[in-house]
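Each chain, letter by letter, is given below.
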Amino acid sequence: MAPPGGGDDYELTAGKLEFHNDQTMKIIEVKIFDDEEYEKNKTFIIELGEPVLLEIGQKHGDSNENKPLVGADDEEVAKMGCPSLGEHTHMEVVIEESYEFKNTVDKLIKKTNLALVVGSSSWREQFVSAVTVSAGDDDDEESGEERLPSCFDYIMHFLTVFWKVLFAFVPPTEYWSGWACFLVSISLIGLLTALTGDLASHFGCTVGLKDSVTAVVFVALGTSVPDTFASKVAAIQDQYADASIGNVTGSNAVNVFLGIGVAWTIAAVFWRSKGKAFHVDPGSLAFSVTLFTVMAGVCVCVLLYRRRPGVAGGELGGPRTLKMATAALFVCLWLIYILLSSLEAYCHIPGF
């Protein structure tokens, strides 16, 4: 049934099969060992031996002493139906590796290895990486060969080289067990966010927009683009939608509880030390927050509806038509929010 001695991938098996009258099928079982390792395809041979006709009434394993007595005519009839081998007496069995599982695990290992080598040990390494054009990640790359940068990679490099060089000044992860990198990175992100907000405010003043409109359009868009790309990366790399959607809700929680709470607390303490009360006029806050809550509720309902097995089976993904329709709906909700907030700010519609 297999090469002598068996193998590391299967168990040597030998034996006999007994077919009763009117029986045309038997199962040959060969135990396959799963060593949970990547291997090439393995093969072994199943060989069928010459069939033997048992005497009439004799069972497999019976001795000739227990052989029943039969007549010559019965024996002659039995020999006329004597079994014989067909054309194919050998069968090659191939133990195939699971290419789909292998590719999935390889991608996970590749991403893990990339995450492990994200850290750098010197400023020189960071600046060299910042000014070097590298090929973008391609999840569909199965050959394993190094891919050369494309024209799009060069364009994106020259558009972002300033920011790459700027963040190359961040201390390497080897210093202070990564704390220096973390603190400086957070500080730079905060400064860039503040700069983005100031530029958006100046742009709004230049074109004659109110601060509330500038805040919900340009400031919000500029500060939320990084979260959008972070959610996209999480949606692609993570098996479930928890990371991508949790990134959005967590970011908003930080903005509300820390971004507003800490800033207002510091301002309240400062003005209290001056003997004055800290007071902020609500303006159109009630209308904007209520409108946002309604839109957010619609988004949550859509996500819950998509989780039904007959619809999409999850918050993300699904049929292409459904994906495009969901994306278009969410974009429309954002545009409606901007439109209504702007109309209320300019008193075209009544607020609260």
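See the structure shown above.
Residues numbered from 1 in each chain as written. Predicted model: local features only at pLDDT ≥ 70, side-chain atom pairs only at ≥ 80, totals over all residues. Heavy atoms only, no water.

A. How the structure looks around the overall build of the protein chain. Looking only at helices and strands, the protein chain features 9 helices and 2 strands. Secondary structure elements of the protein chain occur, N-terminal to C-terminal, as β-α-β-α-α-α-α-α-α-α-α. Within the protein chain, residue pairs in contact and separated by at least 24 positions form 57% of the contacts whose partners lie at least 6 positions apart. Of the roughly 26500 Å² of accessible surface on the protein chain, 62% is carried by carbon and sulfur atoms. (Helix = DSSP H or I, 4+ residues; strand = E, 2+ residues; numbered from the N terminus. Contact = heavy atoms within 4.5 Å. Areas by Shrake-Rupley, 256 points an atom, 1.4 Å probe, with all protein chains shown as cover.)

B. Representation of the pattern of salt bridges within the structure. A complete count under the given rule lists 1 salt bridge for this structure. A salt bridge links E315 to R307, with the shortest nitrogen-to-oxygen separation between them at 3.3 Å. (Salt bridge = Lys/Arg side-chain N within 4 Å of Asp/Glu carboxyl O.)

C. The arrangement of unusual backbone geometry in detail. In this structure, C347 is a non-glycine residue whose phi angle is positive, near 60 degrees. You can call C347 exposed: its relative accessible area is 65%. (Buried < 20%, exposed > 50% of the residue type's maximum accessible area, 1.4 Å probe, protein only.)

D. Looking closely at the nonpolar core. Of all hydrophobic cores here, the largest spans 10 residues; its members are V213, V216, V217, F287, L291, M295, L333, Y337, I338 and A345. Contributing elements (two or more residues each) for this core: α6 (211-237), α8 (285-306) and α9 (320-345). Here L333 is in contact with M295, V298 and C299, once residues within four sequence places are set aside. (Core = buried A, V, L, I, M, F, W, Y, C linked by side-chain atoms within 4.5 Å.)

E. Main features of the packing of aromatic side chains. Scanning the model with the defined rule gives 6 aromatic pairs in all. Between F127 and F169 the ring centres are 5.0 Å apart and the planes differ by 85 degrees, which places this aromatic pair in the edge-to-face class. Of this pair, F127 sits in helix α3 (residues 123-131) while F169 sits in the loop between α4 (151-167) and α5 (179-207); the two residues are 42 residues apart in sequence, bridging distant segments of the chain. On the accessibility criterion, F127 (25% relative accessible area) is partly exposed. Classification of F169 by relative accessible area gives exposed; the value is 53%. (Phe/Tyr/Trp six-rings, centres within 6.5 Å; stacked < 30°, edge-to-face > 60°.)

F. Fine view of a nonpolar patch on the surface. A cluster of nonpolar residues, W123, F169, Y175, W176, W179, F182, L183, I186 and I189, forms a patch on the protein surface that exposes about 1000 Å² of accessible area. Ranked by residue count, the leading element in the nonpolar patch is α5, at 5 residues. Mapped onto the elements of the fold, I189 is located in helix α5. (Patch = residues over 30% accessible without salt bridge, like charges linked within 9 Å, V, L, I, M, F, W, Y side chains within 5 Å.)

G. Structural view of α6. Its 27 residues place the ends of α6 38 Å apart at the C-alpha level, agreeing with the 39 Å of an ideal helix rising 1.5 Å per residue. Along its length, α6 shows its largest kink, about 40 degrees, at L221. Of the residues making up α6, those classed as buried are V213, T214, V216, V217, S231 and A234. On its buried side, α6 packs onto α5, α7 (242-273), α8 and α9. (Expected span 1.5 Å × (residues − 1). Bend = angle between axes of the 7 residues up to and from the residue.)

H. Summary view of the environment of D153. Summarising the element assignment, D153 is placed in helix α4. Accessibility expressed as a relative area gives 11% for D153, which makes it buried. Linking D153 and V133, residues 20 residues apart in sequence, is a C-alpha distance of 7.1 Å.

I. The packing of α5 against α6, seen in detail. With their axes 9 Å apart at the nearest point, α5 and α6 run at an angle of 145 degrees to one another. α6 is crossed by α5, and the crossing has right-handed handedness. For the pair α5 and α6, the contacting residues are T193, T196, G197, A200, S201, F203 and G204 in the first and T214, F218, V219, G222 and T223 in the second. Class assignment for the residues of the contact of α5 with α6 results in 4 nonpolar, 8 polar and no charged. (Axes fitted to C-alpha atoms, helices over the stretch in contact; angles between N-to-C directions. Left-handed = near helix turned anticlockwise from the far one by under 90°. Nonpolar A, V, L, I, M, F, W, Y, C, P; charged D, E, K, R; others polar.)

J. Examining the environment of V30 more closely. By secondary structure assignment, the location of V30 is in the segment before β1 (42-47). Taking relative accessible area as the criterion, V30 reaches 22% and is therefore assigned partly exposed. Along the primary structure V30 and I46 are separated by 16 residues, whereas in three dimensions their C-alpha atoms are 9.5 Å apart. Once you skip the residues sitting within four places of it in the chain, V30 turns out to touch Y10, E11, T13, F44 and I46.

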